[in-house]
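If you want the building blocks of each chain, they are given just below.
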Amino acid sequence: MSIETILVFGEGDEGTPSGLTLELLAAARGIATNVEVFVAGDGAAMAPELGAHGATKVHATGPLDGKLIGVHAAAALQAHLAASPPDAVFFGQTPDGRDTAARLAVRIDQPVVTNNVGASVEDGTLVVEEPVFGGTQNVFTAFKNDGPALAMFRPKSFEAEATGGGDAEVLTVDIVDPGPAGSASVTGRHVEERSGPQLDDAQVVVSGGRGLGQPEAFEMVDELADLLDAASGASRAIVDAGWVPYSKQVGQTGKVVKPNVYVACGISGATQHLVGMKGSKHIIAINKDPEAPIFGVADLGIVGDVHKVVPALIEALKSR
Amino acid sequence: MKVQRQTEAGYDDVECQTPALVSVTAGVVEPRYPSFKGIMAAKKKPVEELNLAALGVDAAAVGQGGARQETIRVTQAEERQAGEVIEDEGDAHDKIIEFLGELKIV
């Protein structure tokens, strides 16, 4: 047995596939001969870009306005898999990806392996790689099931790359009655305001943590970020404390970032945080505790008061 | 029931009928810590043990045998090497600018 077809759970916004979706296409292309995409929504608008990234077909439900995506995606996927089973389905580690994969795994009674950063084929079987213990070790898991292997991947695990393929063929997938869970409906959408470079793809990220001492001190993180044309991020501690919105959280339960330069201001470097940023090319850390774990991954570590170093840095950058 | 559900871009308002199963994200509420009295009272609560038969679960469907996936190896992850760590003597910002300069960020 070898890996013939991989179906990627495609996500996106206003007709543009998400970066993670394109990353999954690259990963799938590396091990399967045919890669297709399932979209719980309007697939036609995404088809050209998905095709350019190697997808041959896009199976789409059409708009699911007002419906809870995971519920309907899982029901529609179940019917689709029964009709044309792929060897594996790849999901991104996103709110809807998680929701859909969990529901689908129960519906089709197949195992799902989550939180992966790598995929390969060994002896004709899909093998996925998952970091554990704060990324210090990697566990390799082989699927031994009959039926589609369900695997979820963390963002930034693969490099997206266009193959120059033509438009993917768009096929309509029927929306299936999902049962009682279908009664859940989305009554409102709230998009957090975002300006400037986005955390996911900024070349420079400046993050703040508990060492800032108080919510107002995050302003200097934002100011430094502006001066460096960077996105600002945060550790979980200050997101949980309500200083900044969740959308800024970098770490295991937030965003995974891999910028060229990551500047950690007043962040001690809990495993939870390190997992989300230690893939950065260069890391600068400012923290008053010389024993802080963040210095274990920093290329340049400054043992000092973030309230002195950062304002001095801002002044110096302004006067240039 | 009405919930706010996290999305990639922000959050959605979602409504559904009960009974419903709801999962929450970390940090959603401040946990309420038990009082000493509560801790003592908890010790007297009955603990009910359930086995597979009581749950109606087929023994072949759980554990290693029912996993249908297998850990084939565990490897050490490549470690990131720590770089230079310096004590701020009031001029650490220059050091940072020099570092950023080498990377052509400034």
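To be clear, the structure that these remarks concern was listed above.
Residues numbered from 1 in each chain as written. Chains lettered and ligands numbered in written order. Predicted model: local features only at pLDDT ≥ 70, side-chain atom pairs only at ≥ 80, totals over all residues.

**Comments concerning the overall build of chain B**
A count of helices and strands for chain B gives four helices and four strands. Each helix (α) and strand (β) of chain B, taken in turn from the N terminus, gives the series β-β-α-α-α-β-β-α. In terms of principal-axis extent, the alpha carbons of chain B reach across some 65 × 40 × 40 Å. Taken across its 106 residues, chain B has 7% of its residues classed as buried. (Helix = DSSP H or I, 4+ residues; strand = E, 2+ residues; numbered from the N terminus. Buried ≥ 20, exposed ≤ 12 C-beta atoms within 10 Å, placed from the backbone.)

**Things to note about the interface of chain B and chain A**
With 44 residues of chain B in contact, the opposing surface of chain A contributes 56 residues. Breaking the side of chain B that touches chain A down by element, the ones donating at least two residues are β2 (10-15), β3 (69-76), β4 (84-87) and α4 (92-102) of chain B. A per-class count over the side of chain B that touches chain A returns 20 nonpolar, eleven polar and 13 charged. Relative to β4 of chain B, strand β18 (residues 300-303) of chain A runs parallel, the two sharing four bridges. Bridge pairing in β4 of chain B links Leu300 of chain A to Glu84 of chain B. (Contact = placed C-beta atoms within 7 Å. Nonpolar A, V, L, I, M, F, W, Y, C, P; charged D, E, K, R; others polar. Pairing = 2+ DSSP bridges.)

**Section: helix α5 (residues 218-227) of chain A**
All names here are of chain A. Where α5 is concerned, the buried positions are Phe218, Val221, Leu224 and Ala225. All buried residues of α5 lie within an arc of 115 degrees about the axis, which places them on one face of the element. Buried positions along α5 lie against β14 (204-208), β15 (231-234), β16 (261-265) and α8 (306-318). Where α5 terminates, the next one or two residues include Asp229, which has phi positive at roughly 55 degrees. (Arc of directions from axis to C-beta.)

Everything listed is a geometric property; what it means functionally is a separate question.
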